[in-house]
Amino acid sequence: MTLEFHCTAASPSCVHFELPVMQPGHSPTDHPLFAGSVYQRAHFHPAKPKELLMATTTVQAGYEGDYVQRFQFFLQHSGEHTVMREFMDKVLPGEFARIGEGKSDLNFLGVGSGQGEMDSHMLNILQSKFPTTQIDAHIVEPSIALIENFKASVAKSPNLQKVPFAWNAVSCAEYEKQVKDTKDTKRFDFMNMIQMLYYMDDYAAAIKFFHSLLREKGRLMIIHEAAGSSWATLWSTFAKDLCTKSVTKYISAADVKGKLDKLGLKYEEHSIPNTMDITECFVEGSKLGAMLLDFMTDQDSFQKAYSPEMRAKILDLLRDKCSTEKNGRRLFDCSLTCFLIQA
Ligand SMILES: C[S@@+](CC[C@H](N)C(=O)[O-])C[C@H]1O[C@@H](n2cnc3c(N)ncnc32)[C@H](O)[C@@H]1O
């Protein structure tokens, strides 16, 4: 049996080891997505190797294993990245022109970037706006598997070859500690947190911390499920039954907006409308419907996770309150809200 060790230099003085710890029925060869594994994460300073064991903690990125495939399926079915790209193409060129005006270099930060599809798109827009300006990209993403996929896609993107990437395979909280411990003075012109605040213990504290890292004229962009969307209706109605896995407390853009106001931050708000066809959820025996229901309820198997009565309640809500009918199809409102927060 071979154990794989992944090492990334999170900062020059801090080495980061991640060891997949097996759960019953799993083997290390479940790699590359480490299906079902929990990571033991250990930080240590090369000068003090004895601290390795003392500092070892068990951390879950909250978004790994089978969930990654379910998210990819959702992205394809919902067109979520497509509507985000269209929105970015419309809004970001103007934003970037204003942010970068008169600057000799630009620092970009992606937080919870996953496989980086959106970060790469934004970096392309930034580069086309400032083709001769030095652009540095920093990524904070706790899932080693997703960061590896992101790196592989960067390696294949001719446009991104001139951009140096700093990969931080850590959570927001760990990154914050790292910045504070090393007194890192790096500041950023543009940062994004897309569809990731659900997984944070204290998302308001994270927003406050990352906002403090903005350079003059910088922007922190948050994209999150819209208030009043079908997601918000489904997840707030059945919070007790759904918030049992990677998401322990559902938050919609209304909650995020409340926190931004409380923090006294200035922002612009944009709507990114989108719908997803969930007709198949109501078709008995439909594989597509089953996959959608697994993703929408954040369960490995919607069928196995809930009693027949509970499944019926969820399906009733999806039909009556979370979807509208159009040309014989049932459409689920998965609109998003974008906050562009000023430095
Ligand atoms: C739904 S995915 C969104 C990925 C990407 N931003 C996108 O929209 O395609 C959520 C991301 O948040 C990351 N994540 C989860 N917990 C996190 C934490 N505490 N700090 C930073 N990122 C986290 C996950 O690993 C995952 O990549």
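Computed from a prediction, not measured in an experiment: that's the story for all the values here.

Colleague: Describe the overall build of the protein, with residues and values.
Modeller: On a plain count of helices and strands, the protein comes out with 13 helices and 14 strands. With 343 residues in all, the protein has 35% of them scored as buried. Long-range pairs, those at least 24 residues apart, make up 73% of the contacts in the protein with a sequence separation of at least 6.

Colleague: Outline the packing of helix H3 (residues 80–100) against helix H4 (residues 117–129), supporting the account with residue identities and numerical values.
Modeller: The N-to-C vectors of H3 and H4 enclose an angle of 35°; their axes lie 9 Å apart at closest approach. H3 and H4 meet at a crossing whose hand is right-handed. Touching His81, Met84, Arg85, Met88, Leu92, Pro93, Phe96, Ala97 and Gly100 of H3 are Glu117, Met118, His121, Met122, Ile125, Leu126 and Lys129, all from H4. Per-class residue counts for the contact of H3 with H4 are 10 nonpolar, three polar and three charged.

Colleague: Give a description of the pairing of strand S12 (residues 323–326) that names residues and reports values.
Modeller: Where a strand is regular, its side chains alternate between the two sheet faces. Here S12 runs beside strand S13 (residues 329–333); their pairing, made up of four bridges, is antiparallel. When the sheet's bridge partners are listed, Thr324 is paired in S13 with Leu331. Between S12 and S13, which pair antiparallel in sequence order, lie two residues; one of them, Asn327, sits at a positive phi of approximately 50°.

Colleague: Explain the site of the ligand to me, and be specific about the residues and the numbers.
Modeller: Every one of the 22 residues lining the ligand counts as a neighbour, but Gly112, Gly114, Ser171, Met196 and Tyr199 are closest to it. For the shell around the ligand, the per-class residue count stands at 13 nonpolar, seven polar and two charged.

Colleague: Describe the nonpolar core, with residues and values.
Modeller: Membership of the largest hydrophobic core comes to 59 residues, with the highest contact counts inside it found for Phe108, Val111, Leu197 and Ile222. Val111 has contacts with Val140, Cys172, Met191, Asn192, Met193, Met196 and Phe210, leaving out every residue within four places of it along the chain.

Colleague: Tell me about helix H11 (residues 287–297), and name the residues and values.
Modeller: Since the α-helix advances by 3.6 residues per turn, residues separated by three or four positions end up pointing in the same direction. Among all positions of H11, only Leu292, Leu293, Asp294, Phe295, Met296 and Thr297 are buried. Tucked inside the fold, the buried residues of H11 contact helix H2 (66–78), helix H8 (230–237), helix H9 (239–242), helix H12 (302–305) and helix H13 (308–320). Backbone geometry just downstream of H11 places Asp298 in the positive-phi region, at approximately 55°.

Colleague: Provide a residue-level description of the sheet that holds strand S9 (residues 214–225), including the pertinent values.
Modeller: Pairing in this open sheet of seven strands is mixed, and the strands run S7-S6-S5-S8-S9-S14-S10 from one edge to the other. In the strand order of this sheet, the two ends are held by strand S7 (165–168) and strand S10 (267–272), each with one partner. Averaged over all pairs of adjacent strands, the angle between their axes in this sheet comes to 15°, without regard to strand direction. In the sheet, S10 pairs with strand S14 (residues 336–342) via six bridges, with the strands oriented antiparallel. If you follow His270 over to S14, its bridge partner there is Cys338.

Colleague: Which residues make up the environment of Lys103, and what are the values?
Modeller: Examined against the element boundaries, Lys103 turns out to sit in the loop between H3 and strand S5 (105–111). According to the C-beta neighbour criterion, Lys103 is partly exposed, with 16 such atoms within 10 Å.

Colleague: Can you explain unusual backbone geometry? Please cite residues and give values.
Modeller: In this structure, Lys183 takes a positive phi of about 50° despite not being glycine. Tracing the backbone through its elements, the reader meets Lys183 in the loop between helix H6 (172–181) and strand S8 (188–194). The class of Lys183 is exposed, set by 6 C-beta atoms lying within 10 Å. Residue Asn327 is not a glycine yet carries a positive backbone phi of 50°. Along the chain, the position of Asn327 falls in the loop between S12 and S13.

Colleague: Give me the packing of H2 against H11: which residues, what numbers.
Modeller: Running from N to C, H2 and H11 cross one another at 110°; their axes reach a closest spacing of 10 Å. Our classification of the angle between H2 and H11 gives roughly perpendicular. Like other packed secondary-structure pairs, H2 and H11 cross with a definite hand, here left-handed. When H2 is examined against H11, the residues Arg70, Phe73, Phe74 and His77 are found in contact with a partner set consisting of Met291, Leu292, Asp294 and Phe295.

Colleague: Just give me the short version of the pairing of S5, but keep the residues and values in it.
Modeller: Where burial is concerned, most of S5 is hidden: six out of the seven residues are buried. Judged from the seven bridges that link them, S5 and strand S6 (residues 134–140) form a sheet pairing that is parallel. Residue pairing for S6: Leu106 is matched across the bridge by Ile135. What joins S5 to S6 is H4, and the crossover it makes is right-handed. As defined by bridge partners, S5 adjoins S8 across four bridges and the pair is classed as parallel. Note on S8: the bridge partner recorded for Val111 is Met193.

Colleague: Which residues make up the confidence of the model for the protein, and what values do they have?
Modeller: Averaged over every residue, the pLDDT of the protein is 85; the share at 70 or more is 81%. Across residues 1–60, confidence stays below pLDDT 50; counting only partners more than four residues off in sequence or on other chains, it has 88 contacts.

Colleague: Which residues make up the environment of Gln127, and what are the values?
Modeller: As for its placement among the helices and strands, Gln127 is situated in helix H4. Of the residues examined, Gln127 has 19 C-beta atoms within 10 Å and is grouped as partly exposed. Between the alpha carbons of Gln127 and Phe96 there is a distance of 9.7 Å; along the sequence they are 31 residues apart. With residues near it in sequence (within four places) discarded, Gln127 still touches Ile135 and Asn159.

Cut-off values and rules
Residues numbered from 1 in each chain as written. Predicted model: local features only at pLDDT ≥ 70, side-chain atom pairs only at ≥ 80, totals over all residues. Helix = DSSP H or I, 4+ residues; strand = E, 2+ residues; numbered from the N terminus. Buried ≥ 20, exposed ≤ 12 C-beta atoms within 10 Å, placed from the backbone. Contact = placed C-beta atoms within 7 Å. Axes fitted to C-alpha atoms, helices over the stretch in contact; angles between N-to-C directions. Left-handed = near helix turned anticlockwise from the far one by under 90°. Nonpolar A, V, L, I, M, F, W, Y, C, P; charged D, E, K, R; others polar. Pairing = 2+ DSSP bridges. Near = placed C-beta within 6 Å. Core = buried A, V, L, I, M, F, W, Y, C linked by C-beta atoms within 7 Å. Parallel < 35°, antiparallel > 145°, perpendicular 65-115°, else oblique. Right-handed = clockwise from strand over helix to strand, strands pointing away. pLDDT = per-residue confidence, 0-100.

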